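Examining the three-dimensional arrangement
Single-letter residue listing:
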Amino acid sequence: MGRAKIPLNKKIEIKTSLEFGITQRRKKVSTPIDDRNLLRLCKKCRTKSSQILSSELILSNGKYLSARTVRRRLLDMGYKSYQAKKKTLRTLAYKKQRFLFPREHQY
(Lines give C-alpha, C1' and ligand atoms only; values in the text may rest on other atoms or scores of the structure.)
Protein backbone atom coordinates (compact mmCIF):
# COMPACT_ATOMS: atom_id res chain seq x y z
CA MET A 1 0.00 0.00 0.00
CA GLY A 2 1.36 3.35 -0.97
CA ARG A 3 0.16 6.89 -0.98
CA ALA A 4 -3.02 7.80 -2.76
CA LYS A 5 -2.57 9.32 -6.22
CA ILE A 6 -3.76 12.93 -6.30
CA PRO A 7 -4.47 14.50 -9.68
CA LEU A 8 -2.33 17.47 -10.74
CA ASN A 9 -5.23 19.94 -10.78
CA LYS A 10 -6.11 19.01 -7.17
CA LYS A 11 -2.48 19.56 -6.10
CA ILE A 12 -2.47 23.00 -7.71
CA GLU A 13 -5.77 23.86 -6.03
CA ILE A 14 -4.42 22.82 -2.62
CA LYS A 15 -1.18 24.79 -3.06
CA THR A 16 -2.98 27.97 -4.10
CA SER A 17 -5.44 27.74 -1.22
CA LEU A 18 -2.54 27.29 1.24
CA GLU A 19 -0.75 30.33 -0.21
CA PHE A 20 -3.82 32.50 0.32
CA GLY A 21 -4.40 31.14 3.80
CA ILE A 22 -7.58 29.34 2.86
CA THR A 23 -7.68 25.84 4.23
CA GLN A 24 -10.38 23.26 4.50
CA ARG A 25 -11.36 22.85 8.10
CA ARG A 26 -13.62 20.17 9.35
CA LYS A 27 -16.60 21.10 11.47
CA LYS A 28 -16.11 20.51 15.20
CA VAL A 29 -17.91 17.51 16.60
CA SER A 30 -18.54 19.18 19.94
CA THR A 31 -20.60 22.30 20.48
CA PRO A 32 -19.73 25.04 23.00
CA ILE A 33 -22.28 23.48 25.36
CA ASP A 34 -20.51 20.12 25.08
CA ASP A 35 -17.20 21.86 25.81
CA ARG A 36 -18.64 23.46 28.95
CA ASN A 37 -19.99 20.10 30.11
CA LEU A 38 -16.57 18.56 29.50
CA LEU A 39 -14.90 21.32 31.50
CA ARG A 40 -17.38 20.84 34.35
CA LEU A 41 -16.69 17.08 34.41
CA CYS A 42 -12.94 17.70 34.29
CA LYS A 43 -13.01 20.17 37.17
CA LYS A 44 -15.12 17.85 39.29
CA CYS A 45 -12.32 15.29 39.46
CA ARG A 46 -9.06 16.38 37.86
CA THR A 47 -7.43 12.95 38.03
CA LYS A 48 -9.82 11.33 35.54
CA SER A 49 -8.38 10.14 32.26
CA SER A 50 -9.64 11.30 28.89
CA GLN A 51 -11.18 7.87 28.28
CA ILE A 52 -13.24 8.11 31.47
CA LEU A 53 -14.28 11.68 30.62
CA SER A 54 -15.31 10.50 27.16
CA SER A 55 -17.50 7.72 28.56
CA GLU A 56 -19.08 10.11 31.09
CA LEU A 57 -19.94 12.55 28.29
CA ILE A 58 -21.61 9.72 26.37
CA LEU A 59 -23.65 8.85 29.47
CA SER A 60 -24.61 12.46 30.21
CA ASN A 61 -25.78 13.65 26.80
CA GLY A 62 -25.53 10.65 24.47
CA LYS A 63 -23.06 12.36 22.15
CA TYR A 64 -19.95 10.35 21.27
CA LEU A 65 -16.60 12.10 21.67
CA SER A 66 -13.44 10.04 21.40
CA ALA A 67 -10.74 10.25 24.06
CA ARG A 68 -8.47 11.99 21.55
CA THR A 69 -11.12 14.66 20.90
CA VAL A 70 -11.54 15.15 24.65
CA ARG A 71 -7.77 15.70 25.02
CA ARG A 72 -7.78 18.12 22.09
CA ARG A 73 -10.68 20.15 23.53
CA LEU A 74 -9.00 20.35 26.95
CA LEU A 75 -5.76 21.53 25.32
CA ASP A 76 -7.71 24.21 23.44
CA MET A 77 -9.16 25.37 26.77
CA GLY A 78 -5.67 25.73 28.23
CA TYR A 79 -5.46 22.53 30.27
CA LYS A 80 -2.36 20.38 30.01
CA SER A 81 -1.85 16.75 30.86
CA TYR A 82 0.36 15.91 33.78
CA GLN A 83 1.40 12.72 35.48
CA ALA A 84 1.51 12.57 39.24
CA LYS A 85 5.00 12.57 40.65
CA LYS A 86 6.10 9.27 42.16
CA LYS A 87 6.62 9.56 45.89
CA THR A 88 7.88 7.09 48.43
CA LEU A 89 5.49 5.72 50.99
CA ARG A 90 6.01 7.58 54.25
CA THR A 91 5.55 4.96 56.94
CA LEU A 92 6.05 5.72 60.61
CA ALA A 93 9.38 3.84 60.67
CA TYR A 94 10.62 5.73 57.59
CA LYS A 95 9.69 9.08 59.13
CA LYS A 96 11.54 8.13 62.31
CA GLN A 97 14.67 7.19 60.30
CA ARG A 98 14.63 10.50 58.44
CA PHE A 99 14.28 12.36 61.73
CA LEU A 100 17.07 10.50 63.54
CA PHE A 101 19.69 10.41 60.75
CA PRO A 102 20.65 14.13 60.87
CA ARG A 103 20.70 14.03 64.66
CA GLU A 104 23.12 11.11 64.69
CA HIS A 105 25.38 12.57 62.00
CA GLN A 106 25.28 16.16 63.14
CA TYR A 107 28.94 16.34 64.27
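Just so it is clear, the structure is predicted and the values come from calculations on it, not from any experiment.

**Quick notes on the packing of helix H2 (residues 32-44) against helix H3 (residues 50-61)**
A packed helix pair is summarised by two numbers, namely the angle formed by the two axes and the spacing between the axes. Direction vectors running N to C along H2 and H3 enclose 125°, while the axes themselves pass 10 Å from each other. Taken together, the axis directions place H2 and H3 in an arrangement best described as oblique. Seen from above, H2 lies across H3 with right-handed handedness. Taking contact as the criterion, the partners of Asp-34, Asn-37, Leu-38, Leu-41 and Cys-42 in H2 are, on H3, Leu-53, Glu-56, Leu-57 and Asn-61. Partitioning the contact of H2 with H3 into residue classes produces 5 nonpolar, 2 polar and 2 charged.

**What about the pattern of salt bridges?**
Per the counting criterion, the structure on display carries 4 salt bridges. Between Glu-56 and Lys-48 there is a salt bridge, with its nearest N and O atoms 2.8 Å apart. Judged by its relative accessible area of 22%, Glu-56 falls in the partly exposed class. Arg-73 is the partner of Asp-76 in a salt bridge, and the nearest nitrogen-oxygen pair spans 3.7 Å. With Asp-76 and Arg-73 both in helix H4 (residues 67-76) and 3 residues apart, this pair spans about one turn of that helix. Several salt bridges share partner residues, and in doing so they unite Asp-35, Arg-73 and Asp-76 into one network.

**Description of H2**
For H2, spanning 13 residues, the distance from its first C-alpha to its last is 18 Å, which sits close to the expected 18 Å at 1.5 Å a residue. Looking at H2, one finds that the buried residues are Asp-34, Asp-35, Leu-38, Leu-41 and Cys-42. Angularly, the buried residues of H2 cover 125° about the axis, an arc narrow enough to put them on a single face. Across from the buried face of H2, at angles greater than 90 degrees, the exposed residues are Pro-32, Ile-33, Arg-36 and Lys-44. Of the surrounding secondary structure, the elements contacted by the buried residues of H2 are H3 and H4.

Thresholds applied
- Residues numbered from 1 in each chain as written.
- Predicted model: local features only at pLDDT ≥ 70, side-chain atom pairs only at ≥ 80, totals over all residues.
- Heavy atoms only, no water.
- Axes fitted to C-alpha atoms, helices over the stretch in contact; angles between N-to-C directions.
- Helix = DSSP H or I, 4+ residues; strand = E, 2+ residues; numbered from the N terminus.
- Parallel < 35°, antiparallel > 145°, perpendicular 65-115°, else oblique.
- Left-handed = near helix turned anticlockwise from the far one by under 90°.
- Contact = heavy atoms within 4.5 Å.
- Nonpolar A, V, L, I, M, F, W, Y, C, P; charged D, E, K, R; others polar.
- Salt bridge = Lys/Arg side-chain N within 4 Å of Asp/Glu carboxyl O.
- Buried < 20%, exposed > 50% of the residue type's maximum accessible area, 1.4 Å probe, protein only.
- Expected span 1.5 Å × (residues − 1).
- Arc of directions from axis to C-beta.

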